[in-house]
Structure formats: structure tokens, C-alpha cells
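Chain by chain, the residues run as shown.
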Amino acid sequence: MSTESTKAQGAPAERRTFAIISHPDAGKTTLTEKLLLFGGAIREAGAVKGKKARRHATSDWMEIEKQRGISVTSTVLQFSYRNRRINILDTPGHEDFSEDTYRTLTAADSAMMLIDAAKGVEPQTIKLFEVCRMRGIPIFTFINKLDRQGKDPLALLEELEEVLGIRSCPMNWPIGMGQEFQGIYNRPDNRFERFTDRGTETEQIQVDDIEDEALREALGPALHEQLKEEVMLLDIAGDPFDAELVQRGKLTPVFFGSAIANFGVETFLNQFIDLAPPPGPRPTDDGRVVTTDAPFSGFVFKIQANMNPAHRDRVAFIRVCSGRFERGMTVNHVRTGKKVNLAQPQQFFGQGREIIDEAYPGDILGIFDPGLFRIGDTLCEADKFQFEKLPQFSPEHFARVYVKNTLKYKQFHKGMEQLSEEGAIQVFRQANRTEDMVLGAVGQLQFEVFQHRMKAEYGAEVELHNLPYSFARWLVSPVPIEQLNYDRQAIIVVKDHDDRFVMLFPNEFTIRLVLDKNPGVELHPTSYGV
Ligand code: G4P
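Parameters at a glance
- Residues numbered from 1 in each chain as written.
- Predicted model: local features only at pLDDT ≥ 70, side-chain atom pairs only at ≥ 80, totals over all residues.
- Helix = DSSP H or I, 4+ residues; strand = E, 2+ residues; numbered from the N terminus.
- Expected span 1.5 Å × (residues − 1).
- Buried ≥ 20, exposed ≤ 12 C-beta atoms within 10 Å, placed from the backbone.
- Arc of directions from axis to C-beta.
- Pairing = 2+ DSSP bridges.
- Axes fitted to C-alpha atoms, helices over the stretch in contact; angles between N-to-C directions.
- Parallel < 35°, antiparallel > 145°, perpendicular 65-115°, else oblique.
- Contact = placed C-beta atoms within 7 Å.
- Nonpolar A, V, L, I, M, F, W, Y, C, P; charged D, E, K, R; others polar.
- Left-handed = near helix turned anticlockwise from the far one by under 90°.
- pLDDT = per-residue confidence, 0-100.

Some points on helix 7 (residues 153-164)
An α-helix turns once every 3.6 residues. As a result, residues three or four positions apart point the same way.
Okay, step 1: With twelve residues, helix 7 extends 16 Å between its outermost C-alpha atoms, agreeing within 8% with the 16 Å of an ideal straight helix rising 1.5 Å per residue.
Okay, step 2: When we look at burial in helix 7, the residues that qualify are P153, L156, L157, L160 and L164. The buried residues of helix 7 occupy an angular sector of 100° when the element is viewed end-on, so they sit on one face. Turned more than 90 degrees off the buried face of helix 7, the exposed positions are A155 and E162.
Okay, step 3: G165 lies just past helix 7 and shows a positive phi near 70°.

This is the structure:
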């Protein structure tokens, strides 16, 4: 373990805290590994847990929970690169998908969006992108797997615009693809990088401009002509680079490469480091703004349970927003009004974790949680304020839940209450059958986690029966619910924690039908604005 990692260095301006968003299989693990290699956080490829290991892990989730010491390291990876402290937040792929994944993005200052050149924009990317858009954070796109035949680069840019609604500015441009892949031409500095699968030993040719004879020689006349034409088209018809639009998340700089061949990754990382924002001010729930130079503050964005099952170990992950964190400091836990001593802060580095002495805005701390913390909690040193509420997400999976042993009813209720408050699961009651509880989750795995935790932490075994709904809509209706015109076979009405009515739909068609048949009715994907 490097000793450097024990000392967090420098000011917030040096930090870059981001998440990588992508659809499973786009190459996130591979890209993360290459980023870690550049940062010297790992010494060889293969150190990051491999695809197969993860497949096994997700099919046998209970087992990995027992070994959370390993998998938790993927929550955040920290390393130094070019005098910057880099914090990469993990957003698991769909097998692991849960509200956690979304919430993690609230701790990021920017995002890398990874796209498989052959597949284009995929569903998981769209969902994660939406959260980034909601927060208005900058998004940097890496189009991966250029060593294989993929979609036409121009078509991919169009897809970004049409599917995600974001304008793009290619920072480099690929020459050929798959077997014919020659490399990339970097537009800002007129540099040609020739593709080899030798990673960092890439041949680089610096030219004066795209007309340069050296480039023509390097590519041959036909490819040179093609590149000139395409780049000219980008110059004329494409969006110019605009740093301000990038900062506001309205324009995404696009890079091409091959993560597996470690090609284009360094160029991407270097530009990302220069363009991505450092930690900035954060709004509080009463409309104030906390700047990074204020006394220490942070918020809990994730709680990971059962890190050590023998001790029912839980770790709360805190994003530092302002000030300087010091090990052992006592802070206000605003929700409960208690003072809390943060004695054993941990930080994560490559494959290990260790106790740290200090941290700065942008850093992530793992604090042992005796059951005190909830997602969204604010911790602050001086003033008492609450950061803006973390967004809620629309559940897409539903199940009826039953306790197996009715003698455990009390434990069952306690677990249901606590786990829903923690944000691990959403709990609904069926409107006309109050004894029937319905669980909602954004990812199926949340149900498994819930079931496991109910047993392990509350001693209540539960049975889940999946329900055929895929959409929840919070209802605002000008007429009483009984008078609503809807298909009572296909749709059910439940109530959320705060007794608001929520309709559960099997598909989008049934949502549209309710809106068509009931003028004045509003259906909201979350409880916001209801
Ligand atoms: P993920 O974390 O986004 O799910 O993706 P991961 O990195 O595990 O990559 C998914 C698959 O794509 C892996 O192959 C990986 O080797 C491959 N891959 C990643 N980057 C590139 C690239 O730039 N070019 C090409 N051609 N392939 C790439 P796999 O066979 O599914 O897994 P494995 O058995 O190789 O681990």
C-alpha cells in the first residue's frame, strides 16, 4: 500500500470526483483498470475483479456480502494522477442495479459516459444519464471498442443527440475501425495517435494541421482524404467546443478509443483532468449555498451493510463537501441533533482500504455506522444545515411481501420501517387492503438484499411474490379515487409512506389510457411535486 494514500494532499481545486456511467459490458471495468494503471494505483492488468468473478458474485450475492471487504473497494477508488487526486465512484451495472447506483451520482462532480461503439446508447446508460442531466453535471463521453467493427462515428454522434438529447463535440476522430482501425486524430492539438495494441507505447505524430504532409504519409492518401473530409464536416456542421456548455452539462466532449488495448485512454484522461470541474458549492434545503471553504460538512450517499457479518458491520459513505476533515473530529449529525465522533474514517485505494487522517471536499469517507446514519444525512462541524434532499427514483420492480413466521411480526415491521427509511427499498400499502404490503425497487437485486437483511439484521424471514407491474405513478386527481376510470384488473392503487396515492401500471400504454380517460389527472414518476 502506498504511503502517499494515507495523506490526502492539497486543496479542493486538485480533486476530480466522478462516476463512470455505462451499460453492462461496455467496458467499464476495463476502462477503470486502465485509469488505475495510469494513476499507479495498481501495477498490473487483472487486479480489478474480472467479469467472470463478478458474474459469479451477483449470482451468489449472499456470498459476496460475506466478503464485502473486497467488493466494497469498488464503491470508490482513489489515486493520484498529474498532481490531482482522483476519486472514481462506482455505479454498478444492471445485475447490481438499485437506487444506490443513482444516488452515487449525487456524490459526483462529473461523469464519464462509456459507450460501446457497436451498440451505441443502451438503456442503462440512458437512465444514468438522466440523473446526471437532472443534476446538470458535465459529462465526458468515451466511445469504446474501436478495435472492433462498430457503428459509423457520425451515426454515433447523432444517436447521442437523438436518444439522449445532448449535443456533442468530438475532441478526436477515429480513422477506420475494427481490422482497419488506424488510430485517432486529436483535434485540439493536431496530433495523430497510431493504433497499436501495445497500450501506452502508442506512436504519436505531431502535425501542424490536418493538411500536413507528414499525416498524409502516415495514413496514405486515401485515408488522409477521408479524414480531412470528415473533420471538415465536423468543423462546419458540428458543435464547436464550448467550455461553459460543457460545465453546464449541455455539451459532451467525445473521445474515441479502445479500453482493452489501452488506446486513447491516456488522451481521454488528460483532457478530462483539465476540463472536469473541481468540487464546487452545494445547495442546502433552505436555499443557501455551502462553499468548499466553509467548515467541514458532508452528506451520506450510500450505506453498505454486512461488510463483516460477524459484527453486522455497516459503513456509511460520506461525500466531503466543505472544509477539512480530520480523523476523530466531532461533528453535528443534523437530523438527530446528536454530536458524532468520526473516529475510524476509511478511504479506499485500489484494492485495499485504510484509515485516513484527513480529507477534503470531493473525497469520500467510509465511516463505521452503528445504525445511526441514513441516506441523505448531513454532517457538519459548525453551522447546522441540511444539504438538499437526495432525489427519489421511480421503482420498476414490485413484489408483495409476507413474513414467514407470524410470531416475528414485530421484527418484520421494524425491519420494514428502518430499511425503507434508509432508502434500501420503497414500501407501499395496498389502498383497500392495508395489511398487504407491496415493495418497490428500481433494481431486482434490491429485493434480494432486502430479504437477506431482514433475516440477518432483524431475524424475520420474508417471502416475496413478484407483481406484474413496471411503473409507479404518484397520483394527483381532481376526483376521488373511486371515481377514476381505469382498468382495475391491470392496475392497482397503493399508498406510500406518507399516504399518497400511487398507481402501479404494467406498461406505458395503460398509463396513457388513464391520462386519456381522466381529464385533469396528473401522474408523477416520483413523489416530487405531489
Ligand atoms: P463492464 O464493466 O462495462 O461490464 O465491461 P467489462 O470491462 O467487463 O468489459 C466487457 C467485455 O468487453 C469484456 O469481454 C472486455 O474484455 C471487453 N472489452 C472492454 N473494452 C474493450 C475494447 O476496447 N475492445 C474490445 N474488443 N473489447 C473490450 P468479455 O469477453 O465479456 O469478458 P472477459 O472474459 O474478457 O473478462
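Here's the deal with unusual backbone geometry
Okay, step 1: For D25, which is not glycine, the phi dihedral falls at a positive 85°.
Okay, step 2: Inspection of the secondary structure assignment puts D25 in the loop between strand 1 (15-22) and helix 1 (28-38).
Okay, step 3: For N83, which is not glycine, the phi torsion reads 60° and is therefore positive.
Okay, step 4: By secondary structure assignment, the location of N83 is in the loop between strand 2 (76-81) and strand 3 (84-89).

With respect to the sheet that holds strand 2
Okay, step 1: Across the sheet, seven strands lie side by side as 2-3-1-4-5-11-6; this open sheet has mixed pairing. The open sheet is flanked by strand 2 and strand 6 (167-170), the only strands paired with a single partner. This sheet shows a mean twist of 30° between the axes of neighbouring strands, independent of strand direction.
Okay, step 2: Bridging between strand 1 and strand 4 (residues 110-116) involves five bridges; their strand directions are parallel. Bridge pairing in strand 4 links I20 to M112.

Observations regarding the packing of helix 1 against helix 11 (residues 265-275)
Okay, step 1: At a minimum axis separation of 10 Å, helix 1 and helix 11 run at an interaxial angle of 70°. Classed by the angle they form, the pair helix 1 and helix 11 counts as roughly perpendicular. Facing helix 1, whose interface residues are L31, K34, L35 and F38, helix 11 presents V265, E266 and L269.
Okay, step 2: The residue makeup of the contact of helix 1 with helix 11, split by class, is five nonpolar, no polar and two charged.

As for the environment of K410
Okay, step 1: Within the secondary structure, K410 sits in helix 12 (residues 409-422).
Okay, step 2: A residue is classified by how many C-beta atoms lie within 10 Å of it, and K410, with 12 of them, is exposed.
Okay, step 3: Note: C-alpha distance between K410 and Y458 (48 residues apart in sequence) is 9.4 Å.

A closer look at the sheet that holds strand 10 (residues 203-206)
Okay, step 1: The antiparallel open sheet is built from four strands, whose spatial order is 7-8-9-10. Across the chains shown, the open sheet's two edge strands, defined by having one partner strand only, are strand 7 (172-175) and strand 10. Strand after strand, the sheet turns through a mean of 20° between neighbouring axes, direction not considered.
Okay, step 2: Docked against the sheet, helix 9 (residues 221-237) engages strand 7 and strand 8 (183-186), running at close to 150° with respect to strand 7.

Here we look at the packing of helix 12 against helix 13 (residues 444-458)
Okay, step 1: Interhelical geometry of helix 12 versus helix 13 gives an angle of 125° and a closest axis separation of 10 Å. Taken together, the axes of helix 12 and helix 13 lie oblique to each other. Between helix 12 and helix 13 lies a crossing of right-handed hand. Listed contacts from helix 13 to Q411, K414, G415 and L419 of helix 12 are F450, R453, M454, E457 and Y458.

Notes on helix 13
Okay, step 1: For helix 13, built from 15 residues, the straight-helix expectation of 21 Å at 1.5 Å per residue is met to within 8% by its first-to-last C-alpha distance of 21 Å.
Okay, step 2: Every buried residue belonging to helix 13 is among L445, Q446, F447, V449, F450, Q451, R453 and M454, and all of these are buried.
Okay, step 3: Phi turns positive, to about 70°, at G459, one or two residues after helix 13.

Here's the deal with the confidence of the model for the protein chain
Okay, step 1: Per-residue pLDDT for the protein chain averages 85, and the proportion of residues at 70 or more is 85%.
Okay, step 2: The low-confidence segment residues 1-8, where pLDDT is below 50, has 17 contacts with residues more than four positions distant or belonging to other chains.
Okay, step 3: Across residues 54-74, where pLDDT falls below 50, the model places 25 contacts with residues more than four positions away in sequence or in other chains.
Okay, step 4: Across the predicted assembly, pTM comes out at 0.85 and ipTM at 0.97.

Some remarks on the environment of V163
Okay, step 1: Mapping V163 onto the fold places it in helix 7.
Okay, step 2: Discounting chain neighbours no more than four positions away, the residues touching V163 are V121 and I126.

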